[in-house]
Amino acid sequence: LRDRPHCYMAGKKLIVVFGATGAQGGGVARALLDDGTFKVRAVTRSPGKKEAEELRRRGAEVVKADVDDEASLERALAGAYGAFIVTNFWEHCSKEKEVEQREGGCGDVGDVPFPSSWLVSRCAQGRRLADLSKRQGLHHVVFSGLENVHQLTGGRLEVLHFDGKGVVEEYFQKIGVPTTIIRLPFYFENFLSIFKPQKRQGDTFVLDLFGGLQEITKILGLFVVLRAVLQIPEQLWTPQEPVFGMVEVVGLQVAHELPMGDTPMDGMAVEDIGPIVLCLLKSPGEYIGQVIGLSTSKLTEAEYAAILSQQTGKTVTASKITPEEYEKRDFPGAKELAAMFRFYALKPDRNVALTMKLNPRARTFQQWVGDNKNAF
């Protein structure tokens, strides 16, 4: 019984999955197609991508739409019962757009003023999707959001990639769209991306935030580094998402830097999100109106390191670094990520028990590393 999700609903209704060739949306689309309860319309800006072709082969209707093209979004949502919506706050970003002005588009975002017209533009994309969901009469939207950190902390912390999603969360709720909000922790897959140990000389391996991203950050600056956060745009990067921090491997010695001290940090595999969204869509009466923080592991930096050591055979050690030291790192986005870790230290609500109820097969970090040890 443990392997059966706690949900049930009969019928064949249409679910529209946005970001269907990305990490979250792709997993959701595959889970829905494997289950067969719903018809799936996969939305992407690039219907010719191999990921889109694979979804089409598995039975999805693949359509092209752009968040800045309202007519394409309206066509994508036509006739739908529900949708999975993940917004892309990094698309078309530049440092030049991070200016201190507040222009229309998001409406009231709380008592604390937002300093970025770029953020307002990203919020407008989410608001457009919310308005269309309301207008089309969708019965259930699962929205992948995050906390509005700027508002929650009275302006003390600003984590733009969280704040923007938080503003959109509030708007979905404000206009009365039947919505379930999920908030993700960091992805375990971060440990397998471009920060994976690379062999340099002899038995020496280096996983270097500065070296690995040096050339890329010259071109894309802040927003490439910020791909280390939870929601990653398919348009800007093809590999899996990078890890937060820096790991250095010398021989079999690995130093892993996360400015969390002894505070546990939540995580889960992005691959395991799909069955959760499926379960939510099958149980609208139970979950509409809910905000659900997801996690399968609450581990300190030392505990993450110990599990990596046990599973990979390398000696992984936790290096102590404070957010104050981290934000002084000489790379774009250091202050933004330091603020994110400060917010994590406030222990935002992530519910391991509910996550496992929604997807009993969701893996802990130890299980996930065991499944992927050959990739390290």
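This section reports on the structure supplied with the text. Bear in mind that the values here come from a model prediction, so they are computed numbers and not experimental data.

1. So, the overall build of the protein
Thought 1: Along its length, the protein carries 15 helices and 15 strands.
Thought 2: Within the span of the protein, comprising 376 residues, buried residues form 56% of the whole.
Thought 3: Across the protein, every contact between residues at least 6 apart in sequence was considered, and the portion connecting residues at least 24 apart equals 75%.
Thought 4: On the protein, roughly 15700 Å² of surface is accessible, and the fraction owed to carbon and sulfur atoms is 49%.

2. Considerations on the packing of helix α1 (residues 23-35) against helix α9 (residues 273-282)
Thought 1: The geometry of α1 relative to α9 is characterised by a closest axis approach of 7 Å and an angle of 60 degrees between their N-to-C directions. One element, α1, and the other, α9, form an angle in the oblique class. Taken as a pair, α1 and α9 cross one another with a handedness that is right-handed. Seen from α1, the contacting residues are Gln24, Gly27, Val28, Ala31, Leu32 and Asp35; seen from α9, they are Ile273, Gly274, Pro275, Val277, Leu278, Leu281 and Lys282.
Thought 2: Residue composition of the contact of α1 with α9, grouped by class: 8 nonpolar, 3 polar and 2 charged.

3. Looking at helix α11 (residues 301-312)
Thought 1: Taking 1.5 Å of rise per residue, 12 residues should cover 16 Å, and α11 covers 16 Å from first to last C-alpha, within 8% of that figure.
Thought 2: Of the residues making up α11, those classed as buried are Glu301, Tyr304, Ala305, Ile307, Leu308 and Gln311. End-on view of α11: buried residues confined to an arc of 165 degrees, all on one side of the axis.

4. Remarks on helix α6 (residues 160-174)
Side chains of residues three or four places apart in an α-helix project in the same direction, reflecting 3.6 residues per turn.
Thought 1: Compared with an ideal rise of 1.5 Å per residue, which puts 15 residues at 21 Å, α6 spans 21 Å between its outermost C-alpha atoms and is within 8% of the ideal.
Thought 2: Among the 15 residues of α6, 12 are classified as buried, and the element is accordingly described as predominantly covered.
Thought 3: Among the residues of α6, those classed as buried are Leu160, His161, Phe162, Asp163, Gly164, Lys165, Gly166, Val167, Val168, Glu169, Tyr171 and Phe172.
Thought 4: In the stretch just after α6, glycine 176 is the one whose phi turns positive, near 85 degrees.

5. Observations regarding unusual backbone geometry
Glycine aside, the phi torsion of most residues is negative, and most peptide linkages are trans.
Thought 1: Residues other than glycine seldom take positive phi values, yet lysine 347 does so here, at roughly 60 degrees.
Thought 2: Summarising the element assignment, lysine 347 is placed in the loop between α13 (334-345) and α14 (352-358).

6. Remarks on the sheet that holds strand β14 (residues 297-299)
Thought 1: Across the sheet, 3 strands lie side by side as β7-β12-β14; this open sheet has mixed pairing. In the strand order of this sheet, the two ends are held by β7 (186-187) and β14, each with one partner.

7. Comments concerning the packing of α6 against α13
Thought 1: Remark: α6 packs on α13, axes separated minimally by 9 Å, with the N-to-C direction vectors making an angle of 65 degrees. Where α6 approaches α13, its residues Leu160, His161 and Phe162 are matched on the opposing element by Glu336, Met340, Phe343 and Tyr344.
Thought 2: Of the residues in the contact of α6 with α13, the class split is 5 nonpolar, 1 polar and 1 charged.

8. Regarding the packing of aromatic side chains
Thought 1: Per the stated rule, a full pass over the model turns up 11 aromatic pairs.
Thought 2: Measuring from centroid to centroid gives 6.5 Å for phenylalanine 38 and tyrosine 81, while their planes differ by 15 degrees, and the two rings are stacked. Placement of the pair is phenylalanine 38 in the loop between α1 and β2 (39-44) and tyrosine 81 in the loop between α3 (70-77) and β4 (82-85), with a sequence separation of 43 residues.
Thought 3: Pairwise contacts between aromatic rings join Phe186, Phe188, Tyr304, Phe365 and Trp368 into one cluster.

9. Some words on the side chain of threonine 21
Thought 1: Checked against the element boundaries, threonine 21 lands in the loop between β1 (14-17) and α1.
Thought 2: Overall, the relative accessible area of 10% leaves threonine 21 in the buried class.
Thought 3: Polar contacts involving the side chain of threonine 21 include one to the side chain of threonine 44, which spans 3.3 Å.

10. Quick look at the nonpolar core
Thought 1: Formed by 35 residues in total, the largest nonpolar core has its most connected members in Val17, Leu32 and Ile182.
Thought 2: For this core, the secondary-structure elements that each account for two or more residues are β1, α1, β2, α2 (50-57), α9 and α14.
Thought 3: By residue number, the principal contributor to this core is α9, which donates 7 residues.
Thought 4: Here valine 17 is in contact with Gly25, Val28, Ala29, Leu32, Val40, Arg41, Ala42, Val43 and Phe84, once residues within four sequence places are set aside.
Thought 5: Core analysis: the next-biggest nonpolar cluster, separate from the first, contains 26 residues, Leu192, Met265, Val316 and Phe343 among them.

11. Quick word on the environment of aspartate 66
Thought 1: With respect to the helices and strands, the residue aspartate 66 is situated in the loop between β3 (61-64) and α3.
Thought 2: Separated by 23 residues in sequence, aspartate 66 and valine 43 place their C-alpha atoms 8.8 Å apart.
Thought 3: Ignoring anything within four residues of it in the chain, the contact list for aspartate 66 reads Arg45, Ser72 and Leu73.
Thought 4: Separated by 3.1 Å, the side chains of aspartate 66 and arginine 45 make a polar contact.

12. Regarding the sheet that holds β2
Thought 1: With parallel pairing, 7 strands are arranged side by side in an open sheet as β3-β2-β1-β4-β5-β6-β13. One side of each edge strand has no neighbouring strand; the edge strands of this open sheet are β3 and β13 (291-293). Shown here is a sheet whose adjacent strand axes are inclined to one another by a mean of 20 degrees, direction ignored.
Thought 2: Looking at chain direction, strand β6 (residues 179-183) and β13 are connected through 3 bridges and run parallel. Counterpart to arginine 183 in the pairing with β13 is glycine 293.
Thought 3: The sheet contacts of α3 involve β1, β2, β3 and β4, and relative to β2 the element is tilted by about 165 degrees.
Thought 4: On top of the sheet, α9 reaches β1, β4, β5 (140-145), β6 and β13; it is set at about 145 degrees to β5, its chief contact.

Calculation notes
Residues numbered from 1 in each chain as written. Predicted model: local features only at pLDDT ≥ 70, side-chain atom pairs only at ≥ 80, totals over all residues. Heavy atoms only, no water. Helix = DSSP H or I, 4+ residues; strand = E, 2+ residues; numbered from the N terminus. Buried < 20%, exposed > 50% of the residue type's maximum accessible area, 1.4 Å probe, protein only. Contact = heavy atoms within 4.5 Å. Areas by Shrake-Rupley, 256 points an atom, 1.4 Å probe, with all protein chains shown as cover. Axes fitted to C-alpha atoms, helices over the stretch in contact; angles between N-to-C directions. Parallel < 35°, antiparallel > 145°, perpendicular 65-115°, else oblique. Left-handed = near helix turned anticlockwise from the far one by under 90°. Nonpolar A, V, L, I, M, F, W, Y, C, P; charged D, E, K, R; others polar. Expected span 1.5 Å × (residues − 1). Arc of directions from axis to C-beta. Pairing = 2+ DSSP bridges. Phe/Tyr/Trp six-rings, centres within 6.5 Å; stacked < 30°, edge-to-face > 60°. Polar contact = N/O pair within 3.5 Å; in protein donor to acceptor, adjacent residues only side chain to side chain. Core = buried A, V, L, I, M, F, W, Y, C linked by side-chain atoms within 4.5 Å.

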